[in-house]
Amino acid sequence: MAKPTLVLVDGSYYLFRAYHAMPAFTNSAGKPTGAIYGVLNMLRKLLNDYNPDYFAVVFDAKGKNFRDDWYPEYKANRPPVPEELTSQITPLHEIIRAEGYPLLMIDNVEADDVIATLARHAEAQAVRTIISTGDKDLAQIVDEDINLINTMTNKLLDRAGVIEKFGVPPERIVDYLTLVGDTADNIPGVPNVGPKTAAKWIVQYGSLDEVIRHAGQISGKVGENLRSSLDQLSLSKRLVTLKSDLDLNLDFNDLRLSAPDYTTLAACYKRWEFKTWLSQLPVNGGTADTRDTSAGGTVAINNNYTTIFDHETLDAWLKDLEGAALFAFDTETTSLDYMNAEIVGVSFSIEPGKAAYIPVAHNYAGAPAQLAREVVLEKLRPLLCSAEIFKVGHNLKYDMNVLGNYGIDLNGIRYDSMLESYVLDSTASRHDMDSLALKYLDYHTIHFEDVAGKGAKQVCFDQVPVEAAATYAAEDADITLQLHNKLWPMLSSVNGLKQVYEQIEIPLLSILSRMERTGVLIDASMLKLQSAELAERMAAIETEAQHMAGEKFNISSPKQIQTILYEKMGLPVLEKTPTGQASTAESVLQELAIKHELPRLILEYRGMSKLKSTYADKLPEQINAKSGRVHTSYHQAVASTGRLSSSDPNLQNIPIRSAEGRKIRRAFIAPAGWVLVAADYSQIELRIMAHISGDEALLGAFSRNEDIHQATAAEIFGISPRDVPAEQRRAAKAINFGLIYGMSAFGLARQLGIAREEARAYVDRYFERYPAVKAYMDRTRVRAKQDGYVETVYNRRLYLPEINSRNAARRQYAERTAINAPMQGTAADIIKRAMIDIDRNILAGSDSIRMIMQVHDELVFEIKTDSINNMIPEIRKIMTSVPELNVPITVDIGIGQNWDEAH
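The structure displayed is predicted, hence computed values, not measured ones.

Side note on the pattern of salt bridges
If the charged atoms of two oppositely charged side chains come close together, the side chains can form a pair.
Next, step 1: Under the counting rule described, the total for this entry stands at 44 salt bridges.
Next, step 2: Across the salt bridge formed by Lys568 and Glu551, the nearest N and O atoms sit 3.0 Å from each other. Linking Lys568 in helix H22 (residues 558-568) with Glu551 in the loop between helix H21 (524-549) and H22, this pair joins segments that are 17 residues apart in sequence.
Next, step 3: You can call Lys568 partly exposed: its relative accessible area is 44%.
Next, step 4: Of the charged contacts, one joins Arg760 and Asp764 as a salt bridge, the two residues approaching to 3.5 Å between their closest N and O atoms. Of this pair, Arg760 and Asp764 are both found in helix H32 (residues 756-769), four residues apart, which corresponds to roughly one turn of the helix.
Next, step 5: Classification of Asp764 as partly exposed rests on a relative accessible area of 36%.
Next, step 6: Linked by salt bridges that have partners in common, Glu505, Arg796, Asp829 and Lys832 make up one network.

Structural notes on the packing of helix H13 (residues 311-323) against helix H14 (residues 373-385)
Next, step 1: Direction vectors running N to C along H13 and H14 enclose 15 degrees, while the axes themselves pass 11 Å from each other. Compared by their axis directions, H13 and H14 come out roughly parallel. Crossing angle aside, the handedness with which H13 passes H14 is right-handed. Taken together, the residues of H14 that come into contact with H13 (itself represented by His311, Leu314, Asp315, Leu318, Leu321 and Glu322) are Val375, Val376, Lys379, Leu380 and Leu383.
Next, step 2: Residue composition of the contact of H13 with H14, by class: seven nonpolar, one polar and three charged.

Examining the confidence of the model for the protein
Next, step 1: Per-residue pLDDT for the protein has a mean of 90; in total, 96% of the residues score no lower than 70.
Next, step 2: For residues 284-302, every residue scores under 50 in pLDDT, and the model assigns this stretch 43 contacts once sequence neighbours within four places are set aside.

Focus on the nonpolar core
Nonpolar side chains in soluble globular proteins tend to end up buried together.
Next, step 1: One finds Phe668, Tyr681 and Phe861 to be the most contacted residues of the largest nonpolar core, which totals 116 residues.
Next, step 2: Sorting elements by how many residues they give to this core places helix H34 (residues 808-843) first, with 11 residues.
Next, step 3: With residues up to four places along the chain from it excluded, the contact list for Phe668 reads Val520, Leu521, Ile522, Leu619, Leu651, Ile654, Leu676, Met853, Gln897, Asn898 and Trp899.
Next, step 4: The next biggest cluster of nonpolar side chains, apart from the first, holds 57 residues, and it includes Ala356, Ile413, Val423 and Leu487.

A closer look at the pairing of strand S2 (residues 54-58)
Next, step 1: By the criterion of burial, S2 is predominantly enclosed, with five of the five residues buried.
Next, step 2: Covered by surrounding structure in S2 are Tyr54, Ala56 and Val58 together with Phe55 and Val57, the residues of both alternating faces.
Next, step 3: As judged from the five bridges shared by strand S1 (residues 5-10) and S2, these two strands associate in the parallel manner. Pairing of Leu8 across the sheet is with Ala56, part of S2.

A few points about the sheet that holds strand S5 (residues 146-150)
Next, step 1: Read from one edge of the open sheet, six strands run S3-S2-S1-S4-S5-S6, paired in mixed fashion. Where the open sheet ends on each side, the last strands, each with one partner, are strand S3 (103-104) and strand S6 (155-157).

With respect to the sheet that holds strand S11 (residues 391-393)
Either a parallel or an antiparallel arrangement is found when strands of a sheet pair, and the pairing is made through backbone hydrogen bonds.
Next, step 1: Strands sit in the order S7-S10-S9-S8-S11-S12 across an open sheet of six strands; the sheet is mixed. The open sheet terminates on both sides in strands that have one partner only, identified here as strand S7 (305-307) and strand S12 (413-416). Strand-to-strand, the axes of this sheet are offset by a mean angle of 25 degrees, without reference to chain direction.
Next, step 2: The pairing of S7 with strand S10 (residues 354-359) spans three bridges and is classified as parallel. Bridge pairing in S10 links Thr307 to Tyr357.

Topic: the pairing of strand S17 (residues 674-681)
Looking along a regular strand, one sees side chains alternate from face to face of the sheet.
Next, step 1: Here S17 lies mainly inside the structure; eight of its eight residues are buried.
Next, step 2: Alignment of S17 against strand S21 (residues 858-864), held across seven bridges, turns out to be antiparallel. Bridged to Leu676 within S21 is Glu862.
Next, step 3: Where S17 and strand S22 (residues 891-896) come together, six bridges link them in antiparallel fashion.

Quick word on helix H33 (residues 771-787)
Next, step 1: End to end, H33 covers 24 Å across 17 residues, agreeing with the expected 24 Å (1.5 Å per residue, within 8%).
Next, step 2: What H33 keeps buried is the set Ala772, Val773, Tyr776, Met777, Thr780 and Ala784. Seen along its axis, H33 keeps its buried residues to an arc of 145 degrees; they face one direction.
Next, step 3: Where H33 is buried, its residues touch helix H27 (684-693), helix H28 (696-703), helix H30 (726-740), H32, strand S18 (789-791) and H34.
Next, step 4: Note on H33: the residue one or two positions beyond its end, Gly788, has a positive phi of about 85 degrees.

Some remarks on the environment of Met538
Next, step 1: Structurally, Met538 can be placed in helix H21.
Next, step 2: On the accessibility criterion, Met538 (9% relative accessible area) is buried.
Next, step 3: As for Met538 and Ser609, which are separated by 71 residues in sequence, their C-alpha atoms are 7.3 Å apart.
Next, step 4: Once residues within four sequence positions are removed from consideration, Met538 is found in contact with Tyr605, Met608, Ser609 and Lys612.

A word on the packing of aromatic side chains
Next, step 1: Tallied over the entire structure, the rule returns 20 aromatic pairs.
Next, step 2: Between the aromatic rings of Tyr37 and Phe274, the centroid separation amounts to 5.7 Å while the plane-to-plane angle is 45 degrees, which identifies the pairing as tilted. Remark: Phe274 occurs in the loop between helix H11 (262-272) and helix H12 (275-279) and Tyr37 occurs in helix H2 (residues 34-50); sequence separation between them is 237 residues.
Next, step 3: Take Tyr37: its relative accessible area is 27%, and that puts it in the partly exposed class.
Next, step 4: Given a relative accessible area of 6%, Phe274 falls into the buried group.
Next, step 5: Relative to Tyr762, the ring of Phe717 lies with its centre 5.0 Å away and its plane at 90 degrees, an arrangement referred to as edge-to-face. Here Tyr762 lies in helix H32 and Phe717 lies in helix H29 (residues 708-717), a separation of 45 residues in the sequence.

Re helix H6 (residues 159-166)
Given 3.6 residues per helical turn, the α-helix brings residues three or four places apart onto the same face.
Next, step 1: Taken together, the buried positions of H6 are occupied by Gly161, Val162 and Phe166. Viewed along the axis of H6, the buried residues span an arc of 105 degrees, placing them on a single side of the element. Turned more than 90 degrees off the buried face of H6, the exposed positions are Ala160 and Glu164.
Next, step 2: The inward-facing, buried residues of H6 contact S6, helix H7 (173-180) and helix H8 (195-205).
Next, step 3: Its side-chain oxygen 3.3 Å from the backbone nitrogen of Ala160, Asp158 forms the N-cap of H6.
Next, step 4: Backbone geometry just after H6 places Gly167 at a positive phi near 85 degrees.

Thoughts on the packing of H22 against helix H24 (residues 597-616)
Next, step 1: At a minimum axis distance of 11 Å, the contact between H22 and H24 shows a crossing angle of 160 degrees. It follows that H22 is roughly antiparallel to H24 by the angle criterion. Considering only the axes of H22 and H24, their crossing is left-handed. Where H22 abuts H24, its residues Ile561, Ile564 and Leu565 lie against Leu598, Pro599, Ile602 and Arg606.

What counts and what doesn't
Residues numbered from 1 in each chain as written. Predicted model: local features only at pLDDT ≥ 70, side-chain atom pairs only at ≥ 80, totals over all residues. Heavy atoms only, no water. Salt bridge = Lys/Arg side-chain N within 4 Å of Asp/Glu carboxyl O. Helix = DSSP H or I, 4+ residues; strand = E, 2+ residues; numbered from the N terminus. Buried < 20%, exposed > 50% of the residue type's maximum accessible area, 1.4 Å probe, protein only. Axes fitted to C-alpha atoms, helices over the stretch in contact; angles between N-to-C directions. Parallel < 35°, antiparallel > 145°, perpendicular 65-115°, else oblique. Left-handed = near helix turned anticlockwise from the far one by under 90°. Contact = heavy atoms within 4.5 Å. Nonpolar A, V, L, I, M, F, W, Y, C, P; charged D, E, K, R; others polar. pLDDT = per-residue confidence, 0-100. Core = buried A, V, L, I, M, F, W, Y, C linked by side-chain atoms within 4.5 Å. Pairing = 2+ DSSP bridges. Expected span 1.5 Å × (residues − 1). Arc of directions from axis to C-beta. Phe/Tyr/Trp six-rings, centres within 6.5 Å; stacked < 30°, edge-to-face > 60°. Polar contact = N/O pair within 3.5 Å; in protein donor to acceptor, adjacent residues only side chain to side chain.

Here you go:
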């Protein structure tokens, strides 16, 4: 019989982890809520994962504890807790108690001591204990019945796990901690003795006492440090040893979950604006979320929602739709892949709370008779194709693409609630319908999983019972209309945002749909050869790396890379992971690669591995069987700056500077009788910087059509442009692009491989020569702090919720974003406006040109060979005239049989 389980939570660890991990969420009153939300989410997941018999959340009590009496300097170096965090502690405690979770804070002792005592007491009662923490001190009590769980890595730490992680068993963790010390708690250890040395000594000599006994035999500086520290080791050991025999005056029944206090929870959730949780409470008009999430779950039918099974009802609805000023429209399909998706049903809404669903292809045993899909779509065709009958949807581009599979050209797209939300505030939340319904309507929608099931049990929508599908689908149309009614007045009240929506985003929707459905032609055989070449090169790199390391290791394993680089080769640890391990992240390896060859090889291997798996191997699998082309999805409402992104495949991430990346681009080919034409804005963000800042030197360099990096090098190094060496031009280029992305002198030093003082001198000279750029940056920081947002040249806004954060790292990131966003956002607006003008003036009605890709500042076209001379001047004319900046605009245009040749 399994033992009962006690789960103990290190509440202080959860609190700090949530504070640093979560965004700076606030309620409408501006009060911080991120730590509260994060801790409660973690507690809910933990309870769901373990379903314990006993449970407690343990926090440190206010004030000093017994260790302060032993050692007044204990934790003396810790900085004060930020006010943004302390203000969330009391509300968090209130909610934890109202949830029915036992919460413990014991005066004069630390949470770790309380946890250790409870765990030992549980062990005596034959109860297994799992402690959720990231604190290494608690490893000293691990045994057969006491384990640690780090929910960040989801790794359970038993006795073997402690030995693997620390190199010593649990009964020697106190000895280990005594030698290492703890800078966070100001516990002195032995200077320059780290985890590996401490573990090595303990394994070699057996215990701390034996290490001390053999101190005279340990040579070198580290031996001297040990001998000079002997007098204070007993104090350090006392400080790191947990008390597990406290008199807590608790009964085990005090550690059982109790019934939630729904009234208090409702008040708290309302105050802190946790709308999802509030909507799930069985009080204050909410209802407990009792939906069956297995396939075929039943949901109560709303009396205002109609399911249409006959032509008479359909005709009546069509008549109402034809007479409506606006109606919401949505499709339900078999797939998220728009090229292969088949329509299962469609829904409409004309007024809030009233909607209809037409099932046409639900196909399961016992499914009711439904109207034929072909008949329904033919009846809908005039309505959907009409440009005079206005529609609203949520992500209508998808519906437009799916209708294209049936030869229906969706027109009259006036509003899209996803785009309305995105233009209104691109950073405020996700822009999916469920999230927006909660945010703006305080309404908890039926989720797809509620009717189709989750995970392996999830079924295709055509297998969902019509009764459940009808409510889900009709609600989608209803809520879309209600979201529009809420969002449009907010959006249209800000004239600049209304223009962004009406002049850029909505016109672009149909253009992107046509680009997606057109797709790109891929040479699959070429990619197969490239895959083989990449595999061969990767194998050679791995062999070279292993030779360099002096042993075989898995070059794809971060753990093994960590061992080779830091333990065997002794390279400096530049950053650590959240779990305290030496980082092998790309940014770290890039810095190490400046001076060391092995990290460079690892980076090269990773880059090739990504190209192989993401493009060389996957692109041929993504060729659509009907069109023979690859069809990406462009996303308008993802990047906060207004940039388009793409997925399946992601066209934005194919490198152009590496030979391997260019080979991938060669597989993007033109059909017979056509060529690919790539039109790329040259240094558009630097030109926008010149325009926005008004810096005379920058404006002059661009107006004279100078090499801007060469001109910058000449300015900051005080030499003639023709005398600028390649190294100084490279430094100037790094400064030009780095500064508009908020790069610091430290970042510049790292990129150029120079001393920080030298990099700082470069930056200072840059600002001396371009003073208006510095003035722009200073002005932007101040304005952003006042307004809470920045704007592009075309009035797109980017809100900066952390611009006044007390957390320095978050505030500085927001300041860098404030400087860069107007340039990146303006560049995004420019290329979108160019796409709209090209579509309107060149593509419309022409069968000689197709716009097939948008990547960063580049547009790619397929053009018939005999039309090149006519089309290219028109493309250049539009792209250079759209920006309307105080600098000349340059567009580089290339032609080729493949994308690489055309670039």
